[in-house]
Amino acid sequence: MEQLIIILAVVVVVVGGGGTTLLVRTRRRVPRAPHRTEVQGGTTAAPGATGTAAPDLAKGRSAPPDLTATPAAPPAPAVEKPPPSAGRLVRLRGRLARSQSALGGVLLGLLSRDRLDEETWDEIEETLITADMGVTPARQLVEELRTDVKVAGTRDAEEVSSLLRAQLLAQVGVDLDRSLHTERRGDRPAVVLVVGVNGTGKTSVCGKLARALIGDGHSVLLGAADTFRAAAADQLQTWGERVGAEVVRSDRDGADPASVAFDAVNQGIERGVDVVIVDTAGRLHTKAGLMDELGKIKRVISRHATVDEVLLVLDATTGQNGLRQARVFAEVVDVTGIVLTKLDGTAKGGIVVAVQRELGVPVKLVGLGEGLDDLAPFEPEAFVDAIVGG
């Protein structure tokens, strides 16, 4: 059956210090489906009445309009309610295992040899280093593992796997606080600042995080403060339309990012949303310029609200280059959590350990694909089980 999609864009103009900022509300009418809820402006509403009749497409022409009828109010958008984020990494473990099980297989094969000599332990250490774990944590894990294997005195595959799992969990860190601080502060929304180099999937993370939060029952507003990259605001607006979140953006390229962020937070306060997610530019031409820009954004937001999270987005496939990027951003802004994207591809699981060691902050989210629900809270146990096949 042919489908009819009607798009209505409602634009509210806000004049700020950096020029004109637009609050864009895009509504879409799509055919109703069972077990769906309607979302308007990022909040869930009960399903309403059905819309107007579809055109007479079977005859190749539209039905004549009823000029006497009173125009109906635009229908609320029908956006599929996202699943909750809890346990998502377990559900996506198969994707993670495809890229990480090879590492576990090599390690278990080496540990199960009849004779564990110095050459074998060197191979184990080299395997961990080439998995982007880093030299220091790899050596530490090997030393601890050597002691455990010697004490246990076993080559049994199940026992060796258990010993390896325990050491990997110790390196990944099961006791780190990986919770996202997205609860309102009185009459103020929580503010999440998303930073990172362009090309790491930063804007997509903003959209997917918004969808995950909506699935957990939060209302979300997106701020398009990446005003220097061509079409960045358009990309974020497209995400807003897909997930049911409003977007605050400037009407021109090159506008002051801090002004857009400020207006986004103000709109979040006025509209009573739970979370404001601010996308930022990822230029690394000069550290000083990046520092000035991000510092200004955070200062301006702080006039009306608290920045609760600063999430650094890293491409997990870039290895040591990603760590260098992480160092720069850590010097510029107080990062509270890491988002590792593309962890389902050619990425090597050791990067989780390396980046946490480098920055002293936890990995909070991981990207495991291109789908809407492929951003998952990081769970150490599920991650390690994907490596060792537990």
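Residues numbered from 1 in each chain as written. Predicted model: local features only at pLDDT ≥ 70, side-chain atom pairs only at ≥ 80, totals over all residues. Heavy atoms only, no water.

Visitor: Quick rundown of the side chain of Thr120? Include the residues and the values.
Guide: With respect to the helices and strands, Thr120 occurs in helix α3 (residues 118-130). Within the structure, the side chain of Thr120 is placed 3.2 Å from the side chain of Arg113, a separation counted as a polar contact. At 2.8 Å, the side chain of Thr120 forms a polar contact with the side chain of Asp117. The residues contacting Thr120, other than those within four sequence positions of it, are Leu110, Arg113 and Arg115. (Helix = DSSP H or I, 4+ residues; strand = E, 2+ residues; numbered from the N terminus. Polar contact = N/O pair within 3.5 Å; in protein donor to acceptor, adjacent residues only side chain to side chain. Contact = heavy atoms within 4.5 Å.)

Visitor: Outline the environment of Asp256, listing residues and values.
Guide: Looking at where Asp256 falls in the secondary structure, it is placed in the loop between β7 (246-250) and α8 (257-271). With 30 residues separating them along the chain, Asp256 and Asp226 place their C-alpha atoms 9.3 Å apart.

Visitor: Describe the environment of Asp308, naming the residues involved and giving the relevant values.
Guide: Relative to the helices and strands, Asp308 resides in strand β9 (residues 307-315). On the basis of relative accessibility, which here comes to 12%, the residue Asp308 falls in the buried class. For the pair Asp308 and Arg184, spaced 124 residues apart in sequence, the C-alpha to C-alpha distance is 9.7 Å. Residues within four places of Asp308 in sequence aside, it is in contact with His181, Arg185, Pro189, Ala190 and Val191. (Buried < 20%, exposed > 50% of the residue type's maximum accessible area, 1.4 Å probe, protein only.)

Visitor: Tell me what's going on with α8, and back it up with residues and numbers.
Guide: Taking 1.5 Å per residue, 15 residues should reach 21 Å; α8 reaches 21 Å between its end C-alpha atoms and fits that length. Regarding α8, the residues found buried are Pro257, Ala258, Ser259, Val260, Ala261, Asp263, Ala264, Val265, Asn266, Gln267, Gly268 and Ile269. (Expected span 1.5 Å × (residues − 1).)

Visitor: Help me get a handle on the side chain of Glu246, residues and values and all.
Guide: Mapping Glu246 onto the fold places it in strand β7. Among the polar contacts listed, one links the side chain of Glu246 to the side chain of Arg271, at a separation of 2.8 Å.

Note that every value here comes from positions in space, so none of it alone points to a role or purpose.
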